[in-house]
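# Chain and residue survey
In case you want the letters, here they are:
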Amino acid sequence: MPIGYSAILLPQLAQNNGTMHADRELGSWIASVHSLATPVGSLMSGPLLDGIGRRGSLRLTAVPLCTGWIIMGFAQNIPTLLVGRVVSGLAVGLMAVPAQVLLGEMADPGLRGFLTGSTLAFYCLGIVIIYALGATLAWNMVAFCGTILPVLALSALLLIPESPTWLVRQKKPEEARKALLWLRGGNAKQVNTEIAILEARTKTDLARMDLNMSLAEQASAAISTILDPSVLKPLTIINVFNLLQLISGTYVIVFYAVDLIADIGGNSINNYLAAVITGIVRLLFSSISSVLLLKVGRRSLGMFSAFGTAFASLNLAGYMLFKTESSSADIYVIGICLLLYVGVNTLGLMTLPALMVAELLPQRARGIGGGCNFFFFNLFIFIVTKVFPMVCETVGIAGIFIIFGISAILEGAFIYVALPETNNRTLEEIEDYFQQSNLLWVTRSTERRKDAAFIMNNV
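Note that the coordinates shown come from a computational prediction; the quantities given were computed from them, not determined experimentally.

Rules of the game
- Residues numbered from 1 in each chain as written.
- Predicted model: local features only at pLDDT ≥ 70, side-chain atom pairs only at ≥ 80, totals over all residues.
- Heavy atoms only, no water.
- Axes fitted to C-alpha atoms, helices over the stretch in contact; angles between N-to-C directions.
- Helix = DSSP H or I, 4+ residues; strand = E, 2+ residues; numbered from the N terminus.
- Parallel < 35°, antiparallel > 145°, perpendicular 65-115°, else oblique.
- Left-handed = near helix turned anticlockwise from the far one by under 90°.
- Nonpolar A, V, L, I, M, F, W, Y, C, P; charged D, E, K, R; others polar.
- Salt bridge = Lys/Arg side-chain N within 4 Å of Asp/Glu carboxyl O.
- Buried < 20%, exposed > 50% of the residue type's maximum accessible area, 1.4 Å probe, protein only.
- pLDDT = per-residue confidence, 0-100.
- Contact = heavy atoms within 4.5 Å.
- Patch = residues over 30% accessible without salt bridge, like charges linked within 9 Å, V, L, I, M, F, W, Y side chains within 5 Å.
- Areas by Shrake-Rupley, 256 points an atom, 1.4 Å probe, with all protein chains shown as cover.

Viewed as axis vectors pointing N to C, helix α16 (residues 298-322) and helix α17 (residues 330-350) meet at an angle of 160°, and their least axial separation amounts to 8 Å. In terms of orientation, α16 and α17 fall into the roughly antiparallel class. Handedness of the α16/α17 crossing: left-handed.

Where helix α2 (residues 24-52) meets helix α19 (residues 366-418), the axes come as close as 7 Å, and the angle between the chain directions of the two elements is 175°. On the basis of their axis angle, the class for α2 and α19 is roughly antiparallel. Split into classes, the residues belonging to the contact of α2 with α19 amount to 14 nonpolar, eleven polar and six charged.

This brings us to the pattern of salt bridges. Taken as a whole and judged by the stated rule, the model has four salt bridges. A salt bridge links R54 to D50; the shortest N-O distance between them is 3.6 Å. Note that R298 and E359 form a salt bridge whose closest N and O atoms lie 2.7 Å from each other. Placement of the pair is R298 in helix α16 and E359 in helix α18 (residues 352-360), with a sequence separation of 61 residues. In the salt-bridge network here, residues are joined through shared partners; they are D50, R54 and E105.

Another point: unusual backbone geometry. In this model, K171 sits at a positive phi of 60°, which is unusual for a non-glycine residue. Mapped onto the secondary structure, K171 falls in the loop between α8 (164-169) and α9 (173-183). Overall, K171 belongs to the exposed group, its relative accessible area being 62%. Positive phi, close to 65°, is recorded for N424, a residue that is not glycine. Looking at the element boundaries, N424 is found in the loop between α19 and α20 (427-434).

Residues of the protein with pLDDT of at least 70 account for 91%, and the chain-wide mean is 84. Within the protein, helix α21 (residues 441-458) has the poorest average pLDDT of any element, 52, and helix α6 (residues 139-145) the best, 94. Note on residues 449-459: pLDDT is under 50 here. Beyond four places in sequence and across chains, it has zero contacts.

Let us now look at α20. Of all eight residues making up α20, six are buried, and the element is well covered by its neighbours. Buried within α20 we find L427, E428, I430, E431, Y433 and F434.

Before going further, it helps to examine a nonpolar patch on the surface. There is a patch of nonpolar side chains on the surface, built from F307, L314, L321, F322, I402, I406, I409 and L410 and spanning about 750 Å² of accessible area. At the level of elements, α16 and α19 are the ones that each hand at least two residues to the nonpolar patch. Among the structural elements, L410 can be located in helix α19.

Our focus in this paragraph is the environment of I415. Along the chain, I415 turns up in helix α19. Judged by its relative accessible area of 0%, I415 is buried. Separated by 117 residues in sequence, I415 and R298 have C-alpha atoms that sit 9.2 Å apart. If we ignore the near neighbours within four places in the chain, the residues touching I415 are F241, R299, G302, M303, A306 and L349.

Listed below in structure tokens is the structure:
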């Protein structure tokens, strides 16, 4: 909801008869400053994850999230509004990593894709809610409504156990066993197997660490952990994926939905209604994606989403460039292309990053690695959302969608070359893959085929 808030806030602030006024340049700061604060929260979340636990970190985020909404609700000037955006951005940064890590560590391997993928469905539901509220209420009343869900979330977090992985690392095996029994529906055999794997992996990780290190030594150890090839390789894959995804327009559409639709369709479209429709389409396709992740490989879904995004973007750009005059068909062609773009983009490009954080990072680096990843992710979001109005004025709306399309093509190629397939793999198997010598999935696949052929010939 805080991420989608700028889409309904900026058009209301742009009205000269409003209580506050913001032009396009000031509006770009209001939209992007949220993402400038989020990386700080992401970095803070790493130590909190390891210090007070995954569930404890999520509980903590309810406080700054409610505070940010209240500040924005009472804001009487732009600086106060910016402070509220900063506080809410900090809260979003604090919650992003713990949410994905908690689900990734709790979930059965067969359900992990569905559960972590379904978080995006609720992410998209938040955007739909904020767009719908913005279409009917003033921006300050929308802010007050934003405090309801954090309070409900805090209540819900009281009803679930802490991550078994974190409990094992804290040398609380009985609590970890109890938590796993609750999560696995009392399946003692499965719990015993998982606990044994967790304890063995934790023992190996802790053997590498000196628990009596100074702060400087801990900082040096954290840097060494990030630079470890088995951590650096998945981080590199995730961050390159994120950068190409952002340039393909995934979050530009979220932050600037109402204004962007006005630029595309002009006065012939009800901008707020169209924004709500894009939000509903995003919600629908994110729900479909979470179900597909139960059976479909991550690579296949990602490539379909990337090339589908490119197709929709370039078709929309081509139509806007080559149409000679306005007609009644414009609203249908543009609407279909835009909704197709939102749908296929959500299906994989928007869904996979959170799942990749939960699956690709090794157990010992999920705190610091996840925080580092979300730091860069939100820094990229800030840069993209801040420069978007300037780039749009320079190349026009058709040029923007050409950039989206080219970036999506590059994203599809990158997925094919580098992204490993993690469907139905345990977290331990994924971790072992990144301890191998190669970075590219296609290289690894070739070597596996050669190794398999060599073994068969020598049997």
